[in-house]
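Summary of structural features
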Amino acid sequence: MNNPKSHPVSLHGKRILLGVTGGIAAYKSAELARRLCEVGAEVRVVMTKNSEAFISSLTMQAVSGNAVRSETFDEEAEAGMSHIELARWADVIVVAPATAAFIARLTHGFADDLLTTLCLASESKIAIAPAMNRVMWSSPATQNNINQLRERAITAMGPDSGDQACGEVGPGRMLQPEEIVRQVNELFSSEALTGLRVLVTAGSTWEAIDPVRGITNLSSGKMGYAIADAAVHAGADVTLVSGPATHPLPNRVANVIKVTSAREMLEAVMTHLDGQDIFIAVAAVADYRPQTQAASKIKKQGEEVLRMEFVRNPDILAEVKEKVPDLFSVGFAAETDNLISEARKKLLAKRADLIAANSVSGESNALGSDYNTLQLIDRAGVVSLGPALKTRIAVDLIQEISARFHARGTLQSTR
Ligand code: C5P
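All figures in this text were calculated on a predicted structure; none of them were measured in a lab. (Residues numbered from 1 in each chain as written. Predicted model: local features only at pLDDT ≥ 70, side-chain atom pairs only at ≥ 80, totals over all residues. Heavy atoms only, no water.)

Tracing the chain through its elements places R289 in strand 14 (residues 288–290). As a buried residue without a salt bridge, R289 has its nearest oppositely charged side chain in E207, at a separation of 5.5 Å. In terms of polar contacts, R289 uses its side chain to reach the side chain of N313, at 2.8 Å. In this view, R289 contacts E207, R263, E309, F310, V311, R312, N313 and P314; residues no more than four positions away in its chain are not counted. (Helix = DSSP H or I, 4+ residues; strand = E, 2+ residues; numbered from the N terminus. Buried < 20%, exposed > 50% of the residue type's maximum accessible area, 1.4 Å probe, protein only. Lys, Arg positive; Asp, Glu negative; His and termini not counted. Salt bridge = Lys/Arg side-chain N within 4 Å of Asp/Glu carboxyl O. Polar contact = N/O pair within 3.5 Å; in protein donor to acceptor, adjacent residues only side chain to side chain. Contact = heavy atoms within 4.5 Å.)

Now the structure itself:
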């Protein structure tokens, strides 16, 4: 199950902000944008003023399928997606071509146009494809800048060596678009969950009483959806099985199966279990369902007390572990009291590898909230995450899961 898998060039669901600066190689940026889109990436282009002397924004818009931005304070564009949102949106910022002047401004933290501002405001990876005259490239100033950028984990792709537009021969040519796409793909192949398949349950379940009534709970789906999205971001191939939820589905998850009841959720999970590496059960599954579901709406008959019989629902997490004992599985525990000791019981009862426990009492009630605090419990101890936005907690949780998953692989292979 944990076999390493090969990684063909696929940037499906990746959000790439392509920065174009003012060098002659900018004419190749259109080809680059087209190729990035071809391998599944979503591309948004930001151009500097000088780049517009080499390629038109209309061309870049046509090949990327999105409006091109160049002004920091463009009212209309800001209303759609502010530059801070754009900085957060990107999984990677690729600047191709990157001129010597741009590299210098990036090195020294300038924020004097939209592209440099985005680079400064982003926590995403940044990669640059330098393109300039060979003397400019070899100059101590540029080489110092490049070394500083490398120390900051900014990737320099190329440059290539050969004939230059200025008639000289030497290093400084921008890499071919095809090679840039390959290297962008490589940036992602070292991610925490690259090549792994992750199955996530999220949302609530609806247990019907009759055609118009049922039993459910207040789960919004926010935490589970954020986890599914963070797993995609970490390179996983994610399948999301979701019960009813008020939150919009995460649009980067390619495989989404919508279900209603616990039994439907179990069936969907079992159908998609084959080949999964990690199972994360976030759904708030009803423990019981009405013993019978009336085919027609139940009429009141004048009784003061209405009694209803309930039967146990299948425990999806436990059944998954029963079927595939080796599957790395993560459960959630929402508790009002004795958070840690209850979570420990759950870890053993469900034979989970990790339990993420969160309080659902009083002010710390995470249900429906944008915020959460998690205690991660496994056989090694307890780790706390948050309080923080659920989207942030999800990213950290995925890192914790990945670290444990990979450590387990190492332990198993050294046994
Ligand atoms: O037993 P309890 O409902 O407290 O356990 C919570 C954990 O078990 C969550 O990860 C939840 O998704 C999972 N679960 C499940 N099937 C159930 C009940 C809970 O997968 N029927």
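After that view, the rundown keeps rolling.
Pairing between side chains of opposite charge can happen when their charged atoms approach one another. Considering all chains together, one arrives at 27 salt bridges under this definition. Residues R69 and E78 are paired through a salt bridge, measuring 2.6 Å at the closest nitrogen-oxygen approach. Its salt-bridge partner being R392, residue D396 comes within 2.9 Å of it at the nearest N-O pair. With D396 and R392 both in helix 14 (residues 390–414) and four residues apart, this pair spans about one turn of that helix. Owing to a relative accessible area of 27%, D396 belongs among the partly exposed residues under this scheme. Here the salt bridges do not stand alone but share partners, grouping E31, R34, R35 and E38 into one network.

Let's shift gears to the sheet that holds strand 4 (residues 125–130). The strand order across the open sheet built from five strands is 2-1-3-4-5, with neighbouring strands paired in parallel fashion. Of all the strands in the sheet, the pair left with one neighbour each is strand 2 (42–47) and strand 5 (155–156). As judged from the six bridges shared by strand 1 (residues 15–20) and strand 2, these two strands associate in the parallel manner. The residue bridging I16 from the neighbouring strand is V43, located in strand 2. Relative to strand 1, helix 6 (residues 114–121) is tilted by about 140°, and along the sheet it contacts strand 1, strand 2, strand 3 (92–98) and strand 4. (Pairing = 2+ DSSP bridges. Axes fitted to C-alpha atoms, helices over the stretch in contact; angles between N-to-C directions.)

This part is about helix 12 (residues 316–323). Because each turn of an α-helix spans 3.6 residues, side chains separated by three or four positions in sequence point in the same direction. Of the residues making up helix 12, those classed as buried are I316, L317, V320 and K321. Along the axis of helix 12, the buried residues cluster in a sector spanning 135°; they form a single face. Residues of helix 12 that are exposed and point over 90 degrees away from its buried face: E322 and K323. Its buried side turned inward, helix 12 meets helix 11 (262–271), strand 13 (278–281) and strand 16 (328–335). Capping the start of helix 12 is the job of one residue whose side-chain oxygen sits 3.2 Å from the backbone nitrogen of L317: D315. (Arc of directions from axis to C-beta.)

A few words on the site of the ligand. Taken together, 13 residues are adjacent to the ligand, and A281, A283, P314, F332 and K346 come closest. Contacts to the ligand include A283, whose backbone N or O atom sits 2.6 Å from an oxygen atom. Backbone polar atom of L317 to an oxygen atom of the ligand: 2.9 Å apart, as the coordinates give it. Summarising the interface, the protein chains cover 86% of the accessible area of the ligand, which totals 440 Å² for the free molecule. The set of elements that each furnish at least two residues to the shell around the ligand consists of helix 12 and strand 16. A per-class count over the shell around the ligand returns eight nonpolar, one polar and four charged. (Near = heavy atom within 4 Å. Areas by Shrake-Rupley, 256 points an atom, 1.4 Å probe, with all protein chains shown as cover. Nonpolar A, V, L, I, M, F, W, Y, C, P; charged D, E, K, R; others polar.)

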